[in-house]
Amino acid sequence: MSSVRPWRDIERRKSRQIMVGSVPVGGDAPITVQTMTNTLTSDAKATIEQIRRCEDAGADLIRVSCPDVESTAAFREIAREARVPLIADIHFHYKRALEAADAGAACLRINPGNIGSSDRVAEVVRAAKANGCAIRIGVNAGSLERHLLEKYGEPCPEALVESAMDHIKLLQDHDFHEYKVAVKASDVFLAVAAYQGLADAVDCPLHLGITEAGGLIGGTVKSSIGMGMLLWSGIGDTLRVSLSAEPEEEVRVGFEMLKALGLRTRGVRVVSCPSCARQGFDVIRTVEALEERLQHIKTPLSLSVLGCVVNGPGEARETDIGLTGGGNGKHMVYLSGVTDHTVQSEAMLDHIVSLVEAKAAEIEAANEAQAAVAAE
């Protein structure tokens, strides 16, 4: 059956599926969004509080660094309190991987090549199998093996792919296949080319990321360009937006990226104008306030907020709820694309929030009724 809008279609790369705890990754599963805590893992209380904020923002998976024995000791309590599967971030010390697997990690993030001998890799694989852990191989342009740098002269797509293939072989030699792979770089061109090469070479799920991308604005731009190119071409099964910002912001940016491409729908998708002298209300401040007050909405729906009638009615026709600025502090509200009523400036913010909440409840009720009928 042909698509109504073929220019919107994204054909995802065919990958095999693995499980990270209760969350499927790869295959036809939704692209998952993850982040990483930045609290001291040994401080279980602070880490759990940060995890809770990330969960509320919609994180599907959360990575927690385990650099020392105090961290893996606290990991057991953290994993017990978390509502989403946790990934233990391990570097160099293979015993931390063994401890994290026993403590409830759903996935171990390792480079098999930097945790020691084949015997140590075998121990980690045994622990992963015994505890039902997946493994994420994390190749990074900033920490490539010396022999690859000598071979290629610098980090390049071929070097990242070769490193990933070497690590994959280490796991496969021990008959372990529940893995996903990342080939990250802070250089957008390098990361994209490496992922494209790896996507052609393997069938495992790929974890996307532009590493060390920068602050909230700069990092969002770099990540959106790099990961957006890959996602648009169908590459990617899970992602993390690496920002020098609070981890819940990484989650929000990740979902916005997927929403823009029609790959995930969660929460309110806001269509808004940059504002100009024609605006009938302060668009920028209104949108900022609405985005803040509507963060609790998880139901997918759309809201247009435009300052005047130039593009306002046209955008409102395409969204669930629309607001278009008018004169004398009197603005038009659209419901399901149709003009419905007006609202005064002073009541506008509370009114739009209540309309969105009511629409979300209506959609959820319809979904529940449909599910009940299907179950009969």
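Further up the page is the structure itself.
First things first, this report covers the structure right here in the doc. (Residues numbered from 1 in each chain as written. Predicted model: local features only at pLDDT ≥ 70, side-chain atom pairs only at ≥ 80, totals over all residues. Heavy atoms only, no water.)

1. Considering the sheet that holds strand S5 (residues 86–89)
Item 1. Spatially, eight strands are ordered S8-S7-S6-S5-S4-S3-S10-S9 in an open sheet, and the strand pairing comes out parallel. Only two strands of the sheet have a single neighbouring strand rather than two, namely strand S8 (179–184) and strand S9 (207–208). (Pairing = 2+ DSSP bridges. Helix = DSSP H or I, 4+ residues; strand = E, 2+ residues; numbered from the N terminus.)

2. Quick notes on the packing of helix H6 (residues 157–172) against helix H7 (residues 188–201)
Item 1. Running from N to C, H6 and H7 cross one another at 45 degrees; their axes reach a closest spacing of 8 Å. Judged on the interaxial angle alone, H7 and H6 are oblique. H6 and H7 meet at a crossing whose hand is right-handed. Of the residues in H7, those in contact with Pro157, Leu160, Val161, Ala164 and Met165 of H6 are Leu190, Ala193, Ala194, Gly197, Leu198 and Ala201.
Item 2. When grouped by side-chain class, the residues that make up the contact of H6 with H7 number ten nonpolar, one polar and no charged. (Axes fitted to C-alpha atoms, helices over the stretch in contact; angles between N-to-C directions. Parallel < 35°, antiparallel > 145°, perpendicular 65-115°, else oblique. Left-handed = near helix turned anticlockwise from the far one by under 90°. Contact = heavy atoms within 4.5 Å. Nonpolar A, V, L, I, M, F, W, Y, C, P; charged D, E, K, R; others polar.)

3. Comments concerning a nonpolar patch on the surface
Item 1. Where nonpolar side chains cluster on the molecular surface, the patch consists of Leu216, Ile217, Val221, Ile225 and Met229 and spans about 480 Å² of accessible area.
Item 2. Mapped onto the elements, Met229 comes out in helix H8 (residues 216–232).
Item 3. Here Met229 falls in the partly exposed class, since its relative accessible area comes to 46%. (Patch = residues over 30% accessible without salt bridge, like charges linked within 9 Å, V, L, I, M, F, W, Y side chains within 5 Å. Areas by Shrake-Rupley, 256 points an atom, 1.4 Å probe, with all protein chains shown as cover. Salt bridge = Lys/Arg side-chain N within 4 Å of Asp/Glu carboxyl O. Buried < 20%, exposed > 50% of the residue type's maximum accessible area, 1.4 Å probe, protein only.)

4. Side note on the state of the cysteines
Item 1. Within this structure, the stated rule accounts for zero disulfides.
Item 2. Of all cysteine sulfurs in the structure, the one in Cys204 sits closest to Cys156, which takes part in no disulfide; the separation is 19 Å.
Item 3. Lacking any disulfide linkage, Cys276 is separated from the closest cysteine sulfur, that of Cys308, by 5.4 Å. (Disulfide = S-S within 2.5 Å.)

5. Thoughts on the sheet that holds strand S14 (residues 330–335)
Item 1. Ordered by their spatial adjacency, five strands build an open sheet running S11-S12-S13-S14-S15, and the pairing between neighbours is mixed. Either end of the sheet is taken by a strand with one partner, and the two such strands are strand S11 (268–272) and strand S15 (338–344). Strand-to-strand twist in this sheet, taken as the mean axis angle between neighbours without regard to direction, amounts to 20 degrees.
Item 2. Bridge analysis of S14 against S15 gives six bridges, and the strand direction is antiparallel. Across the sheet, the residue bridging to Tyr334 is Thr339, located in S15.
Item 3. Sitting on the sheet, helix H12 (residues 345–375) touches S11, strand S12 (301–306), strand S13 (321–324), S14 and S15, and the angle it makes with S15 is about 140 degrees.

Honestly, it's all geometry; don't read function into it.
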